[in-house]
Amino acid sequence: MQKTIDILKKHLDDDLFANELSVAEYNEAKKYYHGDHLPNDVKEILRERGQPILYENIYKTIVDKILGYKAQNIQEIKITGRQEEDKALANLLQDLVRVFSQKDNFDKEILKRDFELMLGLSVCEVWIEDIDGDLEVTLKTLPTHSIVIDRYSTDINALDARRFHKLINIDAYLANELFDSKVIIPNPNNHDSRVEIIESWYKEAEGWNRYIWQKNSNDVIAYEVTPFKDKAHPFIVSKFHIDHNNKWYGIFRDIKPLQDFINFTENKIANMMGSFKAFYESGSVIDK
């Protein structure tokens, strides 16, 4: 039975809440990767002292080295049949994969996937696009913060998930063209207005069905029954690790304590070396 807009909203809120801690850790890992290591109160203290901010970024060093090794070792996918009668089908699939994997942006999307995975979670989307009149299979690595996974999923590849939500920030007028003017635009007089569209995939009786909707809407914008012939969803999910609380996380969790200790020590030593201290007996000076 088709889901109501109220059920969609409730499920999204529940899944967002369940993934909140993992997303917060992911966002902190991304800040550390880009050199934003120190809390704002520590930065303010350093500014008041006139002390330059010091930090080591071993996290970025490790991530970049791994990505460099991966980039040098990207290999062609080989398909072989298990039985003699599978040979013809294997050759056909090999040709399809070769066309797919030799696209200009394929390696770039794979490296983006690996980067997101080291931060905790990577999600790739396989889709069919109309490019100059030709239908082509495309692979795109989605921003991790734009995907919300079923709160009850415990599998490292989310194979047990029964729903996914994709949050899409899109030009409001383009969205209206795509969905027959059913999109609610908060600021219709703003010619650069954007809206958030939610694409939810549910495993239902027919297979994986797709819902298009908005948080501020009273009805579902669009509903499609199994858009793909294999009745699957288009997402390929990988979690780096899952902890005892079913929270996904990346390599940052194990590096952060060492990274923080190094940065704290460097700034503390710099402050001590730049300070002048005098020691005296309390009764030996008139004006302390």
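Provided above is the structure to which this section pertains.
From a predicted model like this one, the values you see are computed outputs, not experimental measurements.

Draft legend 1. The arrangement of the environment of Phe 264 in detail. With respect to the helices and strands, the residue Phe 264 is situated in helix 8 (residues 252-273). Phe 264 gets classed as exposed once you look at its relative accessible area, which sits at 57%. Sequence spacing of Phe 264 and Phe 279 is 15 residues, and the spatial spacing of their C-alpha atoms is 26 Å.

Draft legend 2. Layout of the side chain of Asn 209. One can find Asn 209 in strand 6 (residues 207-213). The exposure class of Asn 209 is buried, given its relative accessible area of 0%. Polar side-chain contacts of Asn 209 include one of 2.9 Å to the side chain of Glu 206. Here the side chain of Asn 209 touches Tyr 223 through a polar contact of 3.3 Å, side chain to side chain. With residues up to four places along the chain from it excluded, the contact list for Asn 209 reads Ser 200, Trp 201, Tyr 202, Glu 204, Tyr 223, Glu 224, Val 225 and Thr 226.

Draft legend 3. Quick look at the sheet that holds strand 2 (residues 134-142). Read from one edge to the other, the open sheet built from 3 strands follows the order 2-1-8, with strand pairing classed as antiparallel. This sheet does not close on itself; its edge strands, each paired only once, are strand 2 and strand 8 (235-239). Neighbour-to-neighbour, the strand axes of the sheet open up by a mean angle of 15 degrees, direction not taken into account. Strand direction decides the pairing type here: strand 1 (residues 121-131) and strand 2, joined by 9 bridges, are antiparallel. If you follow Ile 128 over to strand 2, its bridge partner there is Val 137.

Draft legend 4. Up close: the pairing of strand 4 (residues 163-171). In this sheet, strand 4 lies alongside strand 3 (residues 147-149) in antiparallel orientation, the contact comprising 3 bridges. Among the inter-strand pairings, Ile 149 is bridged to a residue of strand 4, identified as Phe 164. Here strand 4 runs beside strand 5 (residues 194-204); their pairing, made up of 9 bridges, is antiparallel. Considered in strand 5, the bridge of Ile 170 is made with Val 195.

Draft legend 5. Examining helix 1 (residues 5-18) more closely. Spanning 14 residues, helix 1 covers 20 Å between terminal C-alpha atoms, matching the ideal 20 Å at 1.5 Å per step. Buried within helix 1 are the following residues: Ile 5, Leu 8, His 11, Leu 12, Asp 14, Asp 15 and Ala 18. Here the buried face of helix 1 lies against helix 2 (20-33), strand 3, strand 4, strand 5 and strand 6.

Draft legend 6. Expanded view of a nonpolar patch on the surface. The grouping of Leu 89, Leu 92, Leu 93 and Leu 96 at the surface amounts to a nonpolar patch, some 370 Å² of accessible area in total. Tracing the backbone shows Leu 89 in helix 5 (residues 87-101). Here Leu 89 falls in the partly exposed class, since its relative accessible area comes to 49%.

Draft legend 7. Seen up close, the packing of aromatic side chains. This model, assessed by the stated rule, comprises 12 aromatic pairs. Between the aromatic rings of Tyr 33 and Phe 115, the centroid separation amounts to 5.0 Å while the plane-to-plane angle is 65 degrees, which identifies the pairing as edge-to-face. Highlighted residues: Tyr 33 in helix 2 and Phe 115 in helix 6 (residues 106-119), separated in sequence by 82 residues. For Tyr 33, a relative accessible area of 10% gives the class buried.

Draft legend 8. Summary view of the sheet that holds strand 7 (residues 222-224). Spatially, 5 strands are ordered 3-4-5-6-7 in an open sheet, and the strand pairing comes out antiparallel. The open sheet is flanked by strand 3 and strand 7, the only strands paired with a single partner. Across the sheet, the mean angle separating the axes of adjacent strands is 15 degrees when strand polarity is ignored.

The rules behind the values
Residues numbered from 1 in each chain as written. Predicted model: local features only at pLDDT ≥ 70, side-chain atom pairs only at ≥ 80, totals over all residues. Heavy atoms only, no water. Helix = DSSP H or I, 4+ residues; strand = E, 2+ residues; numbered from the N terminus. Buried < 20%, exposed > 50% of the residue type's maximum accessible area, 1.4 Å probe, protein only. Polar contact = N/O pair within 3.5 Å; in protein donor to acceptor, adjacent residues only side chain to side chain. Contact = heavy atoms within 4.5 Å. Pairing = 2+ DSSP bridges. Axes fitted to C-alpha atoms, helices over the stretch in contact; angles between N-to-C directions. Expected span 1.5 Å × (residues − 1). Patch = residues over 30% accessible without salt bridge, like charges linked within 9 Å, V, L, I, M, F, W, Y side chains within 5 Å. Areas by Shrake-Rupley, 256 points an atom, 1.4 Å probe, with all protein chains shown as cover. Salt bridge = Lys/Arg side-chain N within 4 Å of Asp/Glu carboxyl O. Phe/Tyr/Trp six-rings, centres within 6.5 Å; stacked < 30°, edge-to-face > 60°.

Just geometry here; none of it tells us what the structure is for.
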